[in-house]
Amino acid sequence: AQSVSQHNHHVILSEAASLELGCNYSYGGTVNLFWYVQYPGQHLQLLLKYFSGDPLVKGIKGFEAEFIKSKFSFNLRKPSVQWSDTAEYFCAVNPYNNNDMRFGAGTRLTVKP
Amino acid sequence: DTEVTQTPKHLVMGMTNKKSLKCEQHMGHRAMYWYKQKAKKPPELMFVYSYEKLSINESVPSRFSPECPNSSLLNLHLHALQPEDSALYLCASSQDRTEDTQYFGPGTRLTVL
């Protein structure tokens, strides 16, 4: 069965620091990859997604992620975080041609002003 | 419009009650999903409807009964729940069950007394 690992449970950064959140998955076939964000008290929102093509994908609010197939990884990055980026970040995977999505455990990001 | 709406926002029920959660989308999506999210945990898939037919039931207890009356509506009927069923219940929809982005509603916060 496919699984998704997010290695950082809680990350604390100061404003303007750079961010990288790790995500690894285990699945033998082709996958679609997502990062969702859940701001405090709000619903899940899509940050970015990778289906095919350029492995470096750009999303909303200055986030980007790189798909490295050989490492089964899809890490999320942002060069300079803001206090408003404080939220829970979920990596998610579903197999190609099948929308049965599995989420990682989530990483809580706290940005200090 | 990428909005999925869910009602009610909050629900408190006793273990002998029968209640229903409602989800609605008007994006023309043909796949709809129920997820359960416990505090500080990722969403877990419960049910998937594709073209108004149940296609996945992730071994969910029968006290949860989904229903898809039409392509825009998804219900989750609740009966004889347990306190451990208290959670945030999320609805999502996507164009279809293949590789496509899922859009999430704000959820219903359920408390079982």
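Quick caveat: nothing in here was measured; it's all calculated off a predicted structure.

## Things to note about the pattern of salt bridges
All names here are of chain A.
Then step 1. In the structure shown here, the tally under the stated rule is seven salt bridges over all chains.
Then step 2. A salt bridge links Glu64 to Lys58, with the shortest nitrogen-to-oxygen separation between them at 2.9 Å.
Then step 3. According to the relative accessible area criterion, Glu64 is buried, its value standing at 18%.
Then step 4. Classification of Lys58 by relative accessible area gives exposed; the value is 63%.
Then step 5. Linking Arg77 and Glu66 is a salt bridge whose minimum nitrogen-to-oxygen distance equals 3.3 Å. Of the two residues, Arg77 is situated in strand β9 (residues 73-78) and Glu66 in strand β8 (residues 64-68); the sequence distance between them amounts to 11 residues.
Then step 6. Of the residues examined, Arg77 reaches a relative accessible area of 23% and is grouped as partly exposed.
Then step 7. With a relative accessible area of 29%, Glu66 lands in the partly exposed category.
Then step 8. Residues participating in the shared-partner salt-bridge network are Lys58, Glu64, Glu66 and Arg77.

## Details of the side chain of Gln25(B)
Then step 1. Counting through the fold element by element, Gln25(B) comes out in strand β3 (residues 18-25).
Then step 2. In contact with Gln25(B), other than residues within four places in its own chain, are Glu3(B), Val4(B), Met32(B), Ser71(B), Ser72(B) and Ser93(B).

## Focus on the state of the cysteines
Then step 1. Within this structure, the stated rule accounts for two disulfides over all chains.
Then step 2. Between the sulfur atoms of Cys23(A) and its disulfide mate Cys91(A) the distance is 1.9 Å. Given an S-S torsion of about -65°, the disulfide between Cys23(A) and Cys91(A) has left-handed geometry. Residue Cys23(A) is located in the loop between β3 (19-21) and β4 (24-26), and its partner Cys91(A) is located in strand β10 (residues 87-95); the two are separated by 68 residues in the primary sequence.
Then step 3. When its relative accessible area of 0% is taken as the criterion, Cys23(A) is described as buried.
Then step 4. In this model, Cys23(B) is linked to Cys91(B) through a disulfide, with the two sulfur atoms separated by 1.9 Å. Because the sign of the S-S torsion sets the handedness, a value of about -70° for the bond joining Cys23(B) and Cys91(B) places this disulfide among the left-handed ones. In this pair, Cys23(B) sits in strand β3 while Cys91(B) sits in strand β9 (residues 87-94), placing the two residues 68 residues apart along the sequence.
Then step 5. Residue classification places Cys91(B) among the buried residues on the basis of a relative accessible area of 0%.

Definitions and limits used
Residues numbered from 1 in each chain as written. Chains lettered and ligands numbered in written order. Predicted model: local features only at pLDDT ≥ 70, side-chain atom pairs only at ≥ 80, totals over all residues. Heavy atoms only, no water. Salt bridge = Lys/Arg side-chain N within 4 Å of Asp/Glu carboxyl O. Buried < 20%, exposed > 50% of the residue type's maximum accessible area, 1.4 Å probe, protein only. Helix = DSSP H or I, 4+ residues; strand = E, 2+ residues; numbered from the N terminus. Contact = heavy atoms within 4.5 Å. Disulfide = S-S within 2.5 Å.

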